[in-house]
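A closer look at the structure
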Amino acid sequence: MGRREWLLKRNCSLTPRQTVAAWAVLMLLSLAIGLVCTWQGAPYVLVFSALEMTAVTVAFVIYSRHATDFDRIVLEHGSLTVEQVRGGRSRQVRLPAPWLRVTPPVRRRDPIRLAAGAVTVEVGLYLLEGERRALAQELRRALGE
């Protein structure tokens, strides 16, 4: 049996440079509004601008941490290796192909479940429903189920 590999990644619409540029524009705009309002005699607007900038920064940090999340599935030499990266943390699980069960999604947002014995791995969270079902069928064919 040859090597088969599937790479499942998030669909991120912004590159890292575009993300930083968007964040900087939002920060400058919010700061400018806060400073103009303070200059006009409304200093509390600057406080709310600072709160808004903090919230936007937290949202951008969370987005950036998970922008590079992925699942890599490799079928090779009678075993299926699943590498998952979530928020910069990596996890790798090796499942023996002869005992592997592929459970396709039942409901709309369900992932694909790969199980061998007591070990279960969920993959395909970044795919659309139809793509998850197609991947489950492709995995089953590749494993000879």
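Our structure is the block above this text.
Here we summarise the structure given alongside this text. (Residues numbered from 1 in each chain as written. Predicted model: local features only at pLDDT ≥ 70, side-chain atom pairs only at ≥ 80, totals over all residues. Heavy atoms only, no water.)

1. Points about the overall build of the protein chain
When helices and strands are tallied, the protein chain shows 3 helices and 7 strands. Radius of gyration (C-alpha) of the protein chain: 22 Å, far over the 15 Å computed for a compact globule of 145 residues. Its C-alpha atoms put the protein chain at 75 × 30 × 25 Å along the principal axes. Counting every position in the protein chain, which comprises 145 residues, the buried fraction comes to 32%. Carbon and sulfur atoms make up 61% of the accessible area of the protein chain, which amounts to about 9700 Å² in all. Of note, the protein chain has its 20 positive side-chain charges centred 2 Å away from the centre of its 12 negative side-chain charges. (Helix = DSSP H or I, 4+ residues; strand = E, 2+ residues; numbered from the N terminus. Rg over C-alpha atoms; globule rule 2.2 N^0.38 Å. Buried < 20%, exposed > 50% of the residue type's maximum accessible area, 1.4 Å probe, protein only. Areas by Shrake-Rupley, 256 points an atom, 1.4 Å probe, with all protein chains shown as cover. Lys, Arg positive; Asp, Glu negative; His and termini not counted. Charge placed at Lys NZ, Arg CZ, Asp CG, Glu CD.)

2. Side note on the pairing of strand 7 (residues 119-123)
In the sheet, strand 6 (residues 112-116) pairs with strand 7 via 5 bridges, with the strands oriented antiparallel. The residue bridging Ala115 from the neighbouring strand is Thr120, located in strand 7. (Pairing = 2+ DSSP bridges.)

3. Quick notes on the sheet that holds strand 4 (residues 89-96)
Ordered in space as 1-2-3-4, the 4 strands form an open sheet in which the pairing is antiparallel. Every other strand in the sheet has two partners, leaving strand 1 (4-9) and strand 4 as the edge strands with one partner each. Within the sheet, the average angular offset between the axes of one strand and its neighbour, ignoring direction, is 10°. The sheet strands contacting helix 3 (residues 129-143) are strand 1 and strand 2 (70-76), and the helix crosses strand 1 at an angle near 160°. (Axes fitted to C-alpha atoms, helices over the stretch in contact; angles between N-to-C directions. Contact = heavy atoms within 4.5 Å.)

4. Describing the pairing of strand 6
Burial of strand 6 is extensive: 4 of the 5 residues sit out of reach of the surface. Pairing between strand 5 (residues 101-103) and strand 6: 3 bridges, direction antiparallel. Along strand 6, the bridge assignment pairs Val102 with Leu114. Here strand 6 folds back onto strand 7, and the loop between the two strands holds 2 residues, one of which, Gly117, carries a positive phi near 65°.

5. Considering the packing of helix 1 (residues 16-39) against helix 2 (residues 44-66)
Between helix 1 and helix 2, the shortest axis-to-axis distance is 8 Å and the interhelical angle comes to 170°. The angle between helix 1 and helix 2 falls in the class roughly antiparallel. Taking contact as the criterion, the partners of Thr19, Ala22, Trp23, Leu26, Met27, Ser30, Leu31, Ile33, Gly34, Leu35, Cys37 and Thr38 in helix 1 are, on helix 2, Val45, Leu46, Ser49, Glu52, Met53, Val56, Thr57, Phe60, Tyr63 and Ser64. Residues that form the contact of helix 1 with helix 2 fall into these classes: 14 nonpolar, 7 polar and 1 charged. (Parallel < 35°, antiparallel > 145°, perpendicular 65-115°, else oblique. Nonpolar A, V, L, I, M, F, W, Y, C, P; charged D, E, K, R; others polar.)

6. Observations regarding the side chain of Arg132
Counting through the fold element by element, Arg132 comes out in helix 3. Summary of buried charges: Arg132 has no salt-bridge partner, and the nearest side chain of opposite charge, Glu129, is 5.9 Å away. For Arg132, the contacting residues outside a window of four places in its chain are Pro105, Arg108, Arg109, Asp110, Pro111, Ile112, Gly124, Leu125 and Leu127. (Salt bridge = Lys/Arg side-chain N within 4 Å of Asp/Glu carboxyl O.)

7. Observations regarding the pattern of salt bridges
One pass over the structure, following the stated rule, counts 10 salt bridges. Of the charged contacts, one joins Glu138 and Arg4 as a salt bridge, the two residues approaching to 2.8 Å between their closest N and O atoms. Highlighted residues: Glu138 in helix 3 and Arg4 in strand 1, separated in sequence by 134 residues. By relative accessible area, which is 27% here, Glu138 ends up partly exposed. What makes Arg4 partly exposed here is its relative accessible area of 34%. Of the charged contacts, one joins Arg10 and Asp69 as a salt bridge, the two residues approaching to 3.8 Å between their closest N and O atoms. With a gap of 59 residues between them, Arg10 in the loop between strand 1 and helix 1 and Asp69 in the loop between helix 2 and strand 2 connect regions that are remote in the sequence. We classify Arg10 as partly exposed; its relative accessible area is 37%. Each member of the salt-bridge network shares a partner with another, and the members are Arg3, Glu5, Arg72, Glu76 and Glu83.

Scope: geometric values only; no functional claims are made or implied.
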